[in-house]
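Notes for the structure review
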Amino acid sequence: MSLRRFDVAIVGGGIAGTTFAAILGGAGLTVALIERQPPAALKGSAYDGRTTAITFGSRKVLEAAGLWADLAPHACPIDDIRVADDASPLFLHFDSREVGDDPLGSIVENRLIRKSLYKRISATATVTQIAPATVASLDTSGSLARLTLADGREIAADIVVGADGRDSFVRAAAGIETIGWAYMQHAIVTIMGHELPHDNVAVENFLPAGPFAMLPMTDASDGTHRSSIVWTDHMDAVPLYMKLDLPAFEAELQSRAGEWLGRVWEIGPRFTYPLQLRHAKRYIAPRVALIADAAHVIHPIAGQGLNLGMRDIALLSELLVDRRRTGLDLGDPMLLKRYEDARRMDNIAFSATTDILDRLFSNDIPPIKLARRMGLGAVNRVPFLRRFFMRRAMGAAGALSRLGRGERL
Amino acid sequence: MVMTAAKTVDAAEIEKFSRMSADWWDPSGPFRPLHRLNPVRLTYIKDRVAEHFGRDGRSIAPFGGLTALDIGCGGGLVAEPLARLGASVTAVDADAVAIAAARLHAAGREIEVDYRVGSSDDLAAAGSQFDVVLALEIIEHVADRDEFLAALGSLVAPGGLLILSTLNRTLKSLVLGIGVAEHLLRWVEPGTHDWRRFVKPSELARGLRVIDFAVADLTGLVFDPLKNEFHLAADDVGVNYFMSATRLS
Ligand SMILES: Cc1cc2nc3c(=O)[nH]c(=O)nc-3n(C[C@H](O)[C@H](O)[C@H](O)COP(=O)(O)OP(=O)(O)OC[C@H]3O[C@@H](n4cnc5c(N)ncnc54)[C@H](O)[C@@H]3O)c2cc1C
């Protein structure tokens, strides 16, 4: 069937793939964005109940890409992060005022990010959305990459970007292996209403079965105070909690949230996600690059998964746009190598940190409990170390791309 | 149509490039140095053309509506990107093998370029004219420089832009241009260049004035061995340089 020629073909229209398409399309590149779900399904609240803690660095990427203005009214700033342990509340404390006036990050609902992204790319003439469509095969043997869709349509592009998530088709088709493991924990995600305001404070409560995070959201239109819950627990326990009726579930929520927000209740909807750590051995293959979850999946303990993806996007879009402005082939092996070299180090460091954090906290063994109390206590006492951790979490460190620095492409 | 061998093209020189033309498009093949050079070359060309014709260099097709001629196009390493930037490109080379390789590649990349076996003389004789004419790394290989420049000049449409690149005749280029590139790094085959044919910027500028062109820009091209990269340098034209000139009449 008909073959269409694009500069870049992106497989996967999740948040990463769509953001990438919006940035490239905004710079004038012709982009095919292939997604197997119908766009309407991705926009509804029944599809993704998560929120994302957008770091300062990711916000700069979204701002430069012209996407932030839409999201800003719905973004709740995080002015303070309090880390608590089962036994000793509030003993690690990150205050944004220590590193400047900007918030540590902002909590935004994924469904709103998706909605504004789709609005944006629908208005971008250079981006062709192909959805619902599944990619059947990938051929990178020639001087153009060729994708064949399940319905027989063919697409040609200089480069294929795999933004198709943790079970990436592009990754497998390019013969790229992964390393990693599944965690014994799953996450329960829901939205919680509460009596008292959260004062823009995020709380991460380390419980023996896994971290329980309360992330501040903007008030609902009727003034209801809201927080997004990421409740990590043992995979055997999660199905039981998922089935609980409202009063029983709310009692569990209240016991984990403590008293500082007053009475709490569930707004929902309730979702569950299996957790894993996975890292692609390579991010690149001839005429192929992987971004975001297709390249790396980490534990959500630090709320950094998508933020790492945003850093992939910032760098790869810069390299591709600069190259396109010279008219040269975007599938250049040296360009791909530069992308991989720069991003792998950063992502591996983060994957390791989040894995160690989870292992350190998700247990009840006294010596480790002691060690982590000492560790966190030490961080809290040394302002220099604390600022270091905060800068990392804010995504301000390692801003090696123009978009990451808030410049234009 | 059978093209006649052009008289300004030195047969022995062409023979040298023919031997190398099979792997034009392999970035790590024998033309690796050209692939390394290409981003810098194209940046220079794009910036000059955008400036001269008042185009936005950040757009992806700043050459829309312009005609361009690439003389001595080889396998099309510059012609293809020019077409992608929006120009309608004619590209000539006396080496039929290189043109065949270029056609094959452009077809595979779905990029349109009018490739022709021939020389600037053939096109000049036919009275063709272009908004942009490129002669990159050519002039140091031609037998009669003045004759070549006269043919080039007639190919540029009134108000058009001529861009040349070549090697300066300095002690530095003797050591770096030939010694390092040909012998030490094995970038290009030994015997590719003859230092005595290298052209000083002042000589080139004089030649351009004779054909009624005004020099618009002179920029050096410098290789940084530590970074293994080329970059443009306004103040160092000791080895490689670009010159742009506009047609006055
Ligand atoms: C509980 C939880 C909480 C999280 N919280 C945070 C947080 O606070 N901050 C943060 O930064 N990150 C967070 N993350 C991580 C973040 O959600 C992910 O990193 C992010 O969603 C990845 O986006 P993506 O676009 O790469 O992948 P996905 O969202 O998985 O998108 C992939 C898309 O590709 C499509 N697709 C797949 N295969 C094909 C194919 N063959 N053809 C066509 N289309 C295909 C899919 O339909 C999907 O739409 C969290 C994750 C979890 C599980």
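Residues numbered from 1 in each chain as written. Chains lettered and ligands numbered in written order. Predicted model: local features only at pLDDT ≥ 70, side-chain atom pairs only at ≥ 80, totals over all residues. Heavy atoms only, no water.

1. Description of the site of the ligand
Residues and elements named next belong to chain A. For clarity, the cut-off: The cutoff for a nearby residue is simple: one of its non-hydrogen atoms must lie within 4 Å of the molecule or strand. Pairs of N or O atoms are called polar contacts if they sit within 3.5 Å, as long as, within protein, a hydrogen donor faces a hydrogen acceptor (for residues adjacent in sequence, only side-chain-to-side-chain pairs). Using a 1.4 Å probe, accessible areas were evaluated by the Shrake-Rupley method; residue-level cover was limited to the displayed protein chains. Under the scheme used here, helices are H or I runs from DSSP no shorter than 4 residues and strands are E runs no shorter than 2 residues, and both carry numbers assigned from the N terminus. Amino acids are sorted into nonpolar (Ala, Val, Leu, Ile, Met, Phe, Trp, Tyr, Cys and Pro), charged (Asp, Glu, Lys and Arg) and polar (every other residue, Gly among them).
Taken together, 31 residues form the shell around the ligand, and within it Glu 35, Asp 293, Gly 303, Leu 306 and Asn 307 come nearest. Note that an oxygen atom of the ligand is positioned 3.0 Å from one of the backbone N or O atoms of Ala 53. Contact distances for the ligand include 3.0 Å between an oxygen atom and a backbone N or O atom of Asn 307. Protein contact buries 92% of the 1,000 Å² of open area that the ligand shows by itself. Taken together, the elements giving at least two residues each to the shell around the ligand come down to helix 1 (15-26), strand 3 (51-55), strand 12 (178-194) and helix 9 (305-324). Of the residues that constitute the shell around the ligand, the class distribution is 16 nonpolar, 10 polar and five charged.

2. Describing the sheet that holds strand 3 (residues 114-117) of chain B
All names here are of chain B. Put simply, the rule reads: Pairing between two strands is assigned when DSSP locates at least 2 bridges connecting them. For helices, the fitted axis covers only the stretch in contact; all axes are lines through C-alpha atoms, and the angles between them, taken along N-to-C directions, range from 0 to 180 degrees. Contacts were defined at the residue level, with two residues in contact if any of their heavy atoms lie within 4.5 Å.
The eight strands lie next to each other as 3-2-1-4-5-8-6-7, forming an open sheet whose pairing is mixed. Strands with a single pairing partner mark the edges of an open sheet, and in this sheet they are strand 3 and strand 7 (229-233). Adjacent strand axes in the sheet meet at a mean angle of 20°, parallel and antiparallel pairs treated alike. Here strand 1 (residues 67-71) runs beside strand 4 (residues 130-136); their pairing, made up of four bridges, is parallel. Within the sheet, the bridge partner assigned to Ala 68 lies in strand 4 and is Val 132. Contacting strand 1, strand 4, strand 5 (156-167), strand 6 (213-224) and strand 8 (240-247), helix 6 (residues 145-155) crosses the sheet at an angle of about 140° to strand 5. Along the sheet, helix 8 (residues 201-210) makes contact with strand 5, strand 6 and strand 8, crossing strand 8 at roughly 15°.

3. What to know about the domain arrangement of chain A
Residue and element names in this part refer to chain A. Put simply, the rule is: Either an automatic procedure or a domain database provided the assignment from which the domain bounds are taken. Buried area, as used here, totals the accessible surface that two parts lose on assembly, with accessibility defined by a 1.4 Å probe and the loss added over both. Take a side-chain nitrogen of Lys or Arg and a carboxyl oxygen of Asp or Glu: if they are within 4 Å of each other, that pair is a salt bridge.
One can read the domain layout of chain A as domain 1 (3-180 + 276-405) and domain 2 (182-275). At the interface, 36 residues of domain 1 touch 29 residues of domain 2. Summed over both sides, the interface between domain 1 and domain 2 buries roughly 2,800 Å², with carbon and sulfur atoms accounting for 58% of that surface. Viewed at the interface, domain 2 and domain 1 are joined by one salt bridge. Between Arg 226 and Glu 109 there is a salt bridge, and its shortest N-O distance comes to 3.6 Å. Inspection of the domain 1/domain 2 interface yields nine residue pairs in polar contact (both at pLDDT 80 or more). Secondary-structure elements contributing two or more residues to the side of domain 1 that touches domain 2 are strand 4 (76-78), strand 5 (80-85), strand 7 (105-109), strand 17 (271-280) and helix 10 (333-361). In terms of residue count, the dominant contributor to the side of domain 1 that touches domain 2 is strand 5 (six residues). Here the residues of the side of domain 1 that touches domain 2 are counted per class, giving 15 nonpolar, eight polar and 13 charged.

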